[in-house]
Amino acid sequence: MRAMSGPLSGIRVVDFSAVVSGPLATMILADQGADVIKVEAPERADLLRREWYSRGGLTSLFANVNRGKRSIVLDLRTDSGLEAAHALCRRADVVVENFRPGVAERLEIGPDDLHAINPKLVYCRVSGYGQTGPWSGRRAYDPVAQALTGYVAIQKNPEVPIPDLVRNIVVDKAASYTAAQAITAALLARELGRGGEAGKGQTISVSLLDAGLAFFWPDGMMKHTFLGDGIREGPALYDRYRLTETQDGHIVMWAGGDNEWHAVFEALDRPELCQDERFATGRARADHGEELGLILYNEFRKWTTDEIVKRMEAAEAPCAPVLGLDEIPDNPQLQHNETIYEVEHQSAGRMLQCRPAPRFSRSRAETGAIAPLVGEHTDEVLAEIGFSPEQIAAMREQGATR
Amino acid sequence: MPGPLDGIKVVDASAVVSGPLCTMMLADQGADVVKIEPHGMGDTLRLPLFSRGGLSSFFANSNRGKRSIVLDLSQAEGREIVHKLVRDADIFVQNWRPGAADRLGLGEPALRAINEDLIYCSISGYGPTGPYANRRVYDPIIQGLSGHTGVQLNPEFPMRDLVRNIVADKSSSYTAAQAITAALFARERGAGGQHIEVPMLDSSLAFFWPDGMMGHTFHGDDPPPGRALYEIYRLSETADGHLIYFAATDSEFHGLFRAVGHPEWIDDPRFATGAGRVGESLVVLGELMANAIRALPTKELIDRMVAEDVPVGPVLSLEELFDDPQIAHNQAILDFEHPTAGPYRQARPAARFDKTPQDPRRRPPPLHGEHTDEVLRELGYAETDLDRMRTAGLIPE
C-alpha cells in the first residue's frame, strides 16, 4: 500500500486553458494530487488575472480556479516557446485547452500534433459551442450559454415574473466538472486498456453548450422529456421553488412526504392540521393547494426567522435560513466539516478557500496549496525538462518567456 | 467501442437525485449499475409527475442505463443478497442519512469485510457527523446555506429567489462521479479500495465558491475592492424582448460599441479601457448602453454583435432549445423510445470521447424492479428460490 497521496498523484497535466471552464477542471485534478503546469502567454496572461479583488499579483477569482498549479510563461509563437511546450507535453498524461476551435491547431498544439509526439496523452478540449457548427467560431461566456440552455428561461419567480439569470457561473462550472470526470475516466480507461491498446490516450471534447444543457436537463426539462400523448402532468420543480417569508426575512423550506408535512404543521404550532383531511395525502394537498398555501403564508409570517428555524429543526422539518455570504463561514456545520480554511500567500496575504468536497479515506486531497503568480515556476519547470540556465536566459532574450 | 468504465460494476442503493445522477454518469460511460429500490413506489423520483407507462420523466433523466432490483432490506436475506452483489462489485453508492447504512448492515466496514477493494461512496446532506448531520435535506435547503440563494437577487429589482434548478444536488452528483472515478484510477495504481464521503453542503459550497465567493476570498486588514460577477450579471432589454451579452476585454467592449451604433465611444477615455470603465463612467455607460439596446430589436442586435465578435445570445425558451441550430448540429438532444413510456428525449452526455464513447442508449431507464429476477439469477438463485422470496415478500410478486 502506498503512503497517503492524492488519487491522481503522479499524473502530469499541461494546461493551456484560461478563464474558468478549463482551469477549474484542472484545479480539481490538482486538488487530487496531479502536477498541473499552467502555460500562460507573455503578453496576454489569463484574463482572470485582471480586474477585481486583486492583491499582491493575484485576483480572488483566479486564485479560486488555479489552486495548486505551477505557472510557466511561454510564447507559443516562438520556436523555443513551442519546443518547450512540446517537451512538457511529451512527458505529460493530460493536456487541456479551451481556445476557440482551430487555434490549438494553428499553434501546433492540437490533438494530432501532440498525439504524434505522445500517443498516451488524454487530450481534453473545452469549447463554447462545439468544435464545429454554426456557432462554433463565436465567443462564449457563461451568461450567454445560460440563455441558450434553459437556465434563464425558467429563472423567474411565478409570483413576480421578472426574468433573471442564475447569478453564478453554473454553465462554466458544469463544463469544468464534466471535463474533470471525463479526463479521470479516460485515464482509467488508458490504465485498463479500454478503447484500444493499453496505454493509448484519446481526445475528449466538451462544450459549454452541451455540458450546460446536460446539467440543466434532469429537473429543468422534466416537462419536455416525454413526447406525444397520455402523459400524466404535474408541476415542474422550478414552478414550485419559492422562498418562504417570515416576520423579518426569509427561510427555505421543502416538505416531501406526509411525515415532513406533519413536522411543518407541528413547527408552526398548528398540530390540528395533521388530522385535517384536506392535507392528509399528497393528492389531497395538491387538490387543496391554495388553501394550504394561504395557511403557510400567514403562519410563517407570525414567526421570526430565528424562531421558526429552531422550531422546524426541532420538529425535523427540512428547512434552512438564507445565509448571506458573510454568514457562511460562521455556519456551525461548515465549521464542523472544516470546509473553509485559511491560507496565507506570500504577496496576496490571507485568503479563504473552500476545501474540495470529496473526502477520500485512503487518498489525501491537497489543502494549503495556493494559485501561482504569473510565471512563478517558469525557471523551475524549464529546468525539469532539461533546459539549462543559459537556454532559459536566451528564451527570455527572445521573448519566448519572461 | 466500449465506454471508459466498461466492465466496472456498481451497486447503487441511493435514491432521489444526488446518488442516482452520479451513477447515471457512470452508466453512460459503460458501467453496469444495479439499482436497489424498496417495495411500494420505489425511488421517490418515481412520483407520477410527467409520467407515462410506469416511468416519470425526472426518474428517467437520472436513471438511464441502470438495472432495477426491488428488495426488502428489512429482511436478513435481502441484506444477504446485497452482500452477494457487493462481493463482485467495484463500487457501492448510498445516500441514506448518516448511520442508516450501518443499521442495515450495509455500512462501509461491513461491506469492506466482504470486498476489500470496494470503492464505497457515501453522499450525505451535511456530512457524516456534526450539528446538522441528522437533518433532512433537499436541494433548496442546501442552496440556502451555500450562497446560491444569498446572491440570487437582481440589483435592479431586489427580490430574493432560489436558483430554479437543483444545482446543489447536481453539483454533488458530478463531484461524487469524478471522485469515484479518481478512486478507481488510484486503486488501479495500487491505492486499494477506500471510502469517499461527499457531503452535499460541502459540494454545493465548493461549486458556488470560485465566482460566488470572489468578494469573500481575500481577507485581512486590507481587503481589495471589486465587484462580484453576481452583481454585474444582467439581461438586456431590447425593443422586442431580451438578450444576454457579456463583454470582458477592451476589444469586446469596442465591438459592442460598434454593434450598437456608437463607435465614437471607443475614443471616449471614460469607456475605452477597463481602467476608465469604473465608478461614475460605468454608471453613465450603463445608461447609454441600455438606451442603445432598447432602441433595436433582438435579432438585429444579435446579428450585429456576432459580426463584431461580441459574446451574445438570445434567451431561448425551453421549447426553442429543440430548434437551436448549434444544439441540433451537436446532436446534443437525443430521441429515445421506451417500451412502455413511449417516445422521450434527453440531453446527450456532454463529454465526447473519441476512443471510448459514452452510450446513453445501452439500456433504457428501468421500470420499478424490472431486473429483479435477472439479477438474482445472475447471482445463482434458482427459480424455487425466487418463488420462496416472492412468497416471503422479499421481492415483488
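Residues numbered from 1 in each chain as written. Chains lettered and ligands numbered in written order. Predicted model: local features only at pLDDT ≥ 70, side-chain atom pairs only at ≥ 80, totals over all residues. Heavy atoms only, no water.

Describe the pairing of strand 1 (residues 12-15) of chain A, with residues and values.
All names here are of chain A. Bridge count for strand 1 against strand 2 (residues 35-40) is four bridges, and the pairing is parallel. Bridging from a neighbouring strand, Asp15 pairs with Lys38 of strand 2. For the handedness criterion, the β-α-β arrangement of strand 1, helix 1 (residues 21-31) and strand 2 is classed as right-handed. (Pairing = 2+ DSSP bridges. Helix = DSSP H or I, 4+ residues; strand = E, 2+ residues; numbered from the N terminus. Right-handed = clockwise from strand over helix to strand, strands pointing away.)

Please give an account of the sheet that holds strand 7 (residues 122-127) of chain A that cites residues and values.
If you trace the seven strands from one edge of the open sheet to the other, you get 5(A)-2(A)-1(A)-6(A)-7(A)-8(A)-16(B), paired in mixed fashion. Two strands in the sheet have a free side with no partner beyond their single neighbour: strand 5 (69-73) of chain A together with strand 16 (352-353) of chain B. With five bridges connecting them, strand 2 of chain A and strand 5 of chain A associate as parallel partners. When the bridges of strand 5 of chain A are listed, Val39(A) appears paired with Ile72(A). Strands strand 6 (94-97), strand 7 and strand 8 (202-207) of chain A together with strand 16 of chain B of the sheet are contacted by helix 8 (residues 170-192) of chain A, whose axis makes an angle of about 165 degrees with strand 8 of chain A. (Contact = heavy atoms within 4.5 Å. Axes fitted to C-alpha atoms, helices over the stretch in contact; angles between N-to-C directions.)

Describe in detail the sheet that holds strand 6 (residues 91-94) of chain B, supporting the description with residues and values.
Taking strand neighbours across the sheet as the criterion, the seven strands line up as 14(A)-10(B)-7(B)-6(B)-1(B)-2(B)-5(B) in an open arrangement whose pairing is mixed. Each edge of the open sheet is held by one strand with a lone partner, namely strand 14 (359-360) of chain A together with strand 5 (66-70) of chain B. Bridge count between strand 1 (residues 9-12) of chain B and strand 2 (residues 32-37) of chain B: four bridges; the pairing is parallel. Looking at strand 2 of chain B, one finds that Asp12(B) is bridged to Lys35(B). Packing of helix 1 (residues 18-28) of chain B onto the sheet brings it into contact with strand 1, strand 2, strand 5, strand 6 and strand 7 (119-124) of chain B, and relative to strand 1 of chain B it is tilted by some 165 degrees. Strand contacts of helix 3 (residues 76-87) of chain B: strand 1, strand 2 and strand 6 of chain B, with the helix running at about 170 degrees to strand 2 of chain B, the strand carrying the most contacts.

Now, about the side chain of Glu40(A): what can you tell me, with residues and values included?
Residue and element names in this part refer to chain A. One can find Glu40 in strand 2. Side-chain polar atoms of Glu40 contact the backbone nitrogen of Asp46, separated by 3.2 Å. Here the side chain of Glu40 touches Arg49 through a polar contact of 2.8 Å, side chain to side chain. (Polar contact = N/O pair within 3.5 Å; in protein donor to acceptor, adjacent residues only side chain to side chain.)

Could you give me a rundown of the packing of helix 1 of chain B against helix 7 (residues 167-188) of chain B, with the residues and numbers involved?
Residues and elements named next belong to chain B. Where helix 1 contacts helix 7, the two axes come as close as 8 Å, and the packing angle between them is 45 degrees. As the angle between them shows, helix 1 and helix 7 are arranged oblique. Judged by the twist between their axes, the crossing of helix 1 over helix 7 is right-handed. Along its contact with helix 1, which presents Ser18, Leu21, Cys22, Met25 and Leu26, the element helix 7 presents Asp169, Lys170, Ser173, Tyr174, Ala176, Ala177, Ile180 and Thr181. Among the residues forming the contact of helix 1 with helix 7, the class breakdown is eight nonpolar, three polar and two charged. (Parallel < 35°, antiparallel > 145°, perpendicular 65-115°, else oblique. Left-handed = near helix turned anticlockwise from the far one by under 90°. Nonpolar A, V, L, I, M, F, W, Y, C, P; charged D, E, K, R; others polar.)

Account for the nonpolar core, with residues named and values stated.
The biggest cluster of nonpolar side chains holds 165 residues, and the ones touching the most others in it are Leu58(A), Ile183(A), Ile204(A), Ile91(B), Ile180(B) and Ile196(B). Here this core takes 13 residues from helix 8 of chain A, the largest share from any one element. Residues Val39(A), Leu107(A), Val381(A) and Phe387(A) belong to the second largest nonpolar core, which totals 28 residues. (Core = buried A, V, L, I, M, F, W, Y, C linked by side-chain atoms within 4.5 Å. Buried < 20%, exposed > 50% of the residue type's maximum accessible area, 1.4 Å probe, protein only.)

Tell me about the side chain of Ser127(A), and please be specific about residues and values.
All names here are of chain A. Mapped onto the elements of the fold, Ser127 is located in strand 7. Among the polar contacts made by the side chain of Ser127, one reaches the main-chain amide nitrogen of Gly130 at a distance of 3.0 Å. Leave out the neighbours within four places in its chain, and Ser127 touches Val206, Ser207 and Leu208.

Describe the domain arrangement of chain B, naming the residues involved and giving the relevant values.
As assigned here, chain B comprises domain 1 (9-209 + 350-391) and domain 2 (236-314). Taking only C-alpha atoms into account, the centre of domain 1 of chain B sits 45 Å from that of domain 2 of chain B. (Domains from an automatic or database assignment.)

Let's hear about the interface of chain B and chain A: which residues, and what values?
In this assembly, 161 residues from chain B lie in contact with 160 residues from chain A. It is Phe50(B), Arg164(B) and Tyr233(B) in chain B that bury the most area against chain A; as a group they hold 7% of the surface buried on that side. The partner of Glu191(A) in a salt bridge is Arg189(B), with the nearest N and O atoms 2.7 Å apart. Summed over the shared surface of chain B and chain A, the number is 86 residue pairs in polar contact (both at pLDDT 80 or more). In terms of residues, the side of chain B that touches chain A owes the most to one element, helix 7 of chain B, which gives 15 residues. Grouping the constituent residues of the side of chain B that touches chain A by class yields 84 nonpolar, 48 polar and 29 charged. Looking at chain direction, strand 8 of chain A and strand 16 of chain B are connected through two bridges and run antiparallel. (Buried area = accessible area lost by both parts, 1.4 Å probe. Salt bridge = Lys/Arg side-chain N within 4 Å of Asp/Glu carboxyl O.)

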